[in-house]
Protein chains: 2
Amino acid sequence: MLKKLGRQTLELVKPPIIIASAGVVGKKEGEGPLRDEFDVVFDDSRLGKDSWEQAESALQKAAVEKAIEKSGKAKEKIDLLFAGDLLSQCIGTTFGIRDLGIPFAGLYGACSTMALSLAMASVFVASGGADLAVAATSSHFCSAEKQFRQPLEYGGQRPPQAQWTATAAGSAVVGKEGKGVCVERICFGKICDLGITDANNMGAAMAPAAADTIATLLKESGTGVEDYDLFVTGDLGAIGSKLLTEVLQKDYGVDLGNRHKDCGTMLFDIDSQDVNSGASGCGCSAAVVCTHFMRRLREKELKRLVFVGTGALMSPVSSQQGESIPAVAHAVVLGGEGCC
Amino acid sequence: MLKKLGRQTLELVKPPIIIASAGVVGKKEGEGPLRDEFDVVFDDSRLGKDSWEQAESALQKAAVEKAIEKSGKAKEKIDLLFAGDLLSQCIGTTFGIRDLGIPFAGLYGACSTMALSLAMASVFVASGGADLAVAATSSHFCSAEKQFRQPLEYGGQRPPQAQWTATAAGSAVVGKEGKGVCVERICFGKICDLGITDANNMGAAMAPAAADTIATLLKESGTGVEDYDLFVTGDLGAIGSKLLTEVLQKDYGVDLGNRHKDCGTMLFDIDSQDVNSGASGCGCSAAVVCTHFMRRLREKELKRLVFVGTGALMSPVSSQQGESIPAVAHAVVLGGEGCC
């Protein structure tokens, strides 16, 4: 059952349960501070495939299959799979999952896709539209660089504000009952575009959208910062995270204090792994939330957190045409095991 | 309220109402047999913009604004907008609607997007997740040719099986109550890929997905062909339509008889408008269903139809890499005014 708390915020009255989740990553991600959290670390960035795009598809498929395997459910029992990715026409997703035989609803939320797919899967389960639904997304450094920036062989220099697209995928299986993390509330974001045109500075483009969604969630649900252990943003990186704090304080009077974490600053060791402002890509927050944060919630180390997926909605063509970068952020409130 | 009739099929127990819909098209579409149905015909294919991508964004925005205007609702009352398009990273949508201030959930269903967005908007309204939701999509001949095939200036020859991407957009406003067409059932499709690699032959790639979704809907809802006045497919074109009939008969034992219509064969006069196998593009079925078929349902000329949106999920990159074309079809059962 769903209860509207405001225009953008929904309460899931009988919260659906994330009965299993999985995160799989590439070699560099597997050398970062979260290395022990992931289900699989692929040392071969190509995953044995002929192209980067095929490698990304294999990565997303691996995450979905691992999450389903951990759930103990047969894939024939999954009613609907919500997924998308950064590649043009979402081929990371469509070619990754085409053989699974699971009914499929495609999403496009750029790097907000893990939050968006988790929101959709949760709404469908909570409303009786699905008994079991899967959420998933992926990104791959090489397929993303090739598409959004330059051929890898060109060896283009990366400015300090740039982020490193994660080679990673995450997936979650959502059901009506069982043990696991629960999904309590959802806040769908509006598009924000404050005029940033630097396609290397996603963090700055996305921070205002994250701020708007966080402030809206708090306002519409009548909750305060102190009601949540953490606000986990997707991939704002170091620069975007700083901006989020500033925008929330200045424009909305909201102070996150020490309760903000950003997956983009957690996936790599920024100092030693040469990733400039941090990690990005749909797979970044997908892999970090579906492993590290889900574990901490399951183990009751965290009671309740807000996962804010952040997406920059530009394309190579729009950037080449000099357009600014619209962004969107969707929030999903996750409750620790047994707390819903 | 939602009731699951099977793995893929949902019944909307208190069916939501399409309180308004709109379709806007370009010049060539405005010269076709449906010319009198559309809300706006733009004689300037650029819509006064500097690029084809910006023109497509303007087209989608025009459809959304027209549908909202016809609904008599303020845009601040719309809780959620579901939309997507064919352009890489869905910039037709994101740049089109960024200024509207409506919470946004992005979709990627290629040419099935009108059915997918209508399904999502209907599920959210039926389950109490939104009071008013909007569904929308668009396509533009020039932005699509440039992206998927060749530069327009090249003047590449089009094979007989090719379809003409419609310059068109459609949008629908879905609410809990009011007068209008109702959404009774939804069937989410699975990805089908029978190995077609000719990116000019979308109809053949999509026909098996349409057949699978139609057969699943009939089976899971316990209904027969005779329970529906029409089965309206998105954009199979002349070749795909013929294949749909064959596949349904041979593989599923379902005979649509004279109850099949395809928006791809209706938008243009195939003989005189030089469009080879017919029309395609997200905007094709969006504009035709949101005007012509909604009108016939409102006027009770049709009692009940199945709208089957069909999407080919390849990208220019996947085609260049020699991949086959995965396809998906989603079905939405629309009931005539007052019949739910």
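Here the structure is shown first, and the text comes after it.
Rules used throughout
- Residues numbered from 1 in each chain as written.
- Chains lettered and ligands numbered in written order.
- Predicted model: local features only at pLDDT ≥ 70, side-chain atom pairs only at ≥ 80, totals over all residues.
- Heavy atoms only, no water.
- 1 Å grid on protein atoms, 1.4 Å probe; cavity = no way out; pocket = protein on both sides within 12 Å on 5 of 7 lines; lining within 4 Å.
- Points joined across faces, edges and corners; volume = space filled by probe spheres on them.
- Helix = DSSP H or I, 4+ residues; strand = E, 2+ residues; numbered from the N terminus.
- Nonpolar A, V, L, I, M, F, W, Y, C, P; charged D, E, K, R; others polar.
- Salt bridge = Lys/Arg side-chain N within 4 Å of Asp/Glu carboxyl O.
- Buried < 20%, exposed > 50% of the residue type's maximum accessible area, 1.4 Å probe, protein only.
- Contact = heavy atoms within 4.5 Å.
- Buried area = accessible area lost by both parts, 1.4 Å probe.
- Polar contact = N/O pair within 3.5 Å; in protein donor to acceptor, adjacent residues only side chain to side chain.

Caption draft 1: The layout of surface pockets, seen in detail. By volume, the largest pocket is sized at about 990 Å³. Taken together, 49 residues line the largest pocket, and the ones lying closest to its centre are Lys146(B), Gln147(B), Phe148(B), Pro316(B) and Gln320(B). Those elements that place two or more of their residues in the lining of the largest pocket are α4 (141-148) and α9 (316-320) of chain A together with α4 (141-148) and α9 (316-320) of chain B. Ranked by residue count, the leading element in the lining of the largest pocket is α4(B), at six residues. Split by residue class, the lining of the largest pocket holds 21 nonpolar, 19 polar and nine charged.

Caption draft 2: Structural context of the pattern of salt bridges. Residues and elements named next belong to chain A. Tallied over the full model, the rule gives 38 salt bridges over all chains. The salt bridge partner of Lys66 is Glu69, with a shortest N-O separation of 3.6 Å. Of this pair, Lys66 and Glu69 both sit in helix α1 (residues 52-71), three residues apart, which is roughly one turn of that helix. Across the salt bridge formed by Arg158 and Glu145, the nearest N and O atoms sit 3.3 Å from each other. Of the two residues, Arg158 is situated in the loop between α4 and β8 (164-165) and Glu145 in helix α4; the sequence distance between them amounts to 13 residues. By relative accessible area, which is 23% here, Arg158 ends up partly exposed. Relative accessible area serves as the criterion here: at 8%, Glu145 is assigned to the buried category.

Caption draft 3: Up close: the interface of chain B and chain A. In this assembly, 61 residues from chain B lie in contact with 61 residues from chain A. Interface area for chain B against chain A, summed over the two sides, is near 4700 Å², with a carbon-plus-sulfur share of 59%. The largest share of the area that chain B buries against chain A comes from Arg7(B), Gln89(B) and Arg98(B), three residues that together contribute 17% of it. On the surface where chain B and chain A come into contact, there are eight salt bridges. Across the pair Asp193(A) and Arg98(B) runs a salt bridge whose closest N-O atoms are separated by 2.5 Å. Counting the contacts that link chain B with chain A gives 35 residue pairs in polar contact (both at pLDDT 80 or more). The residue inventory of the side of chain B that touches chain A, partitioned by class, reads 31 nonpolar, 18 polar and 12 charged.

Caption draft 4: How the structure looks around empty space enclosed by the protein. Considering all chains together, one arrives at five cavities of 30 Å³ or more under this definition. Estimates place the volume of the largest cavity at around 180 Å³. Around the largest cavity, the lining comprises 18 residues; the ones closest to its centre are Arg149(A), Thr165(A), Met202(A), Ser280(A) and Met314(A). Listed by contribution, the elements that provide at least two residues to the lining of the largest cavity are α4 and α5 (202-221) of chain A. Looking at the lining of the largest cavity residue by residue, the class counts come to 11 nonpolar, five polar and two charged. In this model, the second largest cavity occupies a volume close to 130 Å³. Leu86(B), Cys111(B), Met202(B), Ser280(B) and Met314(B) are the residues nearest the centre of the second largest cavity, which is lined by 14 residues in total. For the lining of the second largest cavity, a count of residues per class yields nine nonpolar, three polar and two charged.

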